[in-house]
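Summary of the model geometry
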Amino acid sequence: RSLRRRHTAGSVELAEKAIEHFNTLVHQLCLEAPQVDADAIASVARWLDSQPPEQREILLQSRLDRLADLEAMRNDPDWTLDPAQTHRVELMLDYVARANDLIPDGTPVHGHLDDALLLELAWPVFAEDVEDYRDFCRYREEIQARGQNPATQSDWLRSRSEEGALWEQLHRVHEQHYVELRTHVSLFRIT
């Protein structure tokens, strides 16, 4: 019974082949991500079961909400990703869209656990691009609110580069003194 418990997520038996496929995908997305095994996934499933029912959905959804950023970033005509990152985003979105993956989406409570786990394990490879994209969206909204021409990614990069140069200049000026300070040389010697 204990062995079976270590290889199930709720009512789903975690097949070795499916876990191998899951790990292969995880490492296509993020080379530094740890390997997962049936026991690790079953442990996460048991931990999820131990949470209050309303908390379970919040825990999963808070991770899955990141998918909206990935999809928006991929589909935004004003935002360009490098081809390797576009491929990783596609792999992630394709996996999550499948109903019959490591844990079938229709499985009560655990149906999206594998999706959330994949996203959590691979997030480090997406985090910086998503943060930049969010910043670009804020910048674009500010530009539109001022009634200026629509902002592009190159406009955003130029603006952020100018801000960075300004901050650098301010720090340089802050560290300089208006008067050159010399060590005080005593004119008199007291003996």
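The structure reproduced in this document is the subject of the present report. Small disclaimer: the values here were computed from a predicted structure and weren't measured.

All right, on to the overall build of the protein chain then. Scanning the protein chain for helices and strands turns up 8 helices and 2 strands. Counting across all 191 residues of the protein chain, residues that qualify as buried make up 36%. The contacts of the protein chain with a sequence gap of at least 6 include a subset with a gap of at least 24, amounting to 64%.

With that out of the way, let us pick up the nonpolar core. Counting residues in each nonpolar core, the largest one holds 48 residues, and the members touching the most others are Phe22, Leu70, Met92 and Phe126. Counting only elements with at least two residues in this core, the list comes to α2 (16–29), α3 (38–50), α4 (53–64), α5 (66–75), α6 (83–97) and α7 (113–145). Per element, the largest residue contribution to this core is 15 residues, and it comes from α7. In contact with Phe126, other than residues within four places in its own chain, are Leu29, Leu70, Gln85, Arg88, Val89 and Met92.

What follows covers the pattern of salt bridges. Summed over the entire model, instances satisfying the criterion amount to 13 salt bridges. Glu120 is the salt-bridge partner of Arg66, the closest N and O atoms lying 3.4 Å from each other. Of this pair, Arg66 sits in helix α5 while Glu120 sits in helix α7, placing them 54 residues apart in sequence. Bridged by salt links that share partners, the residues Asp69, Glu131, Arg134, Asp135, Arg138 and Arg160 form one connected network.

α5 packs onto α4 with a crossing angle of 15 degrees between their chain directions and a minimal axis gap of 4 Å. Put simply, α4 runs roughly parallel to α5. The residues of α5 that touch α4, namely those facing Ser62, Arg63 and Leu64, are Arg66, Leu67 and Ala68. Split by residue class, the contact of α4 with α5 holds 3 nonpolar, 1 polar and 2 charged.

Criteria and cut-off values
- Residues numbered from 1 in each chain as written.
- Predicted model: local features only at pLDDT ≥ 70, side-chain atom pairs only at ≥ 80, totals over all residues.
- Heavy atoms only, no water.
- Helix = DSSP H or I, 4+ residues; strand = E, 2+ residues; numbered from the N terminus.
- Buried < 20%, exposed > 50% of the residue type's maximum accessible area, 1.4 Å probe, protein only.
- Contact = heavy atoms within 4.5 Å.
- Core = buried A, V, L, I, M, F, W, Y, C linked by side-chain atoms within 4.5 Å.
- Salt bridge = Lys/Arg side-chain N within 4 Å of Asp/Glu carboxyl O.
- Axes fitted to C-alpha atoms, helices over the stretch in contact; angles between N-to-C directions.
- Parallel < 35°, antiparallel > 145°, perpendicular 65-115°, else oblique.
- Nonpolar A, V, L, I, M, F, W, Y, C, P; charged D, E, K, R; others polar.

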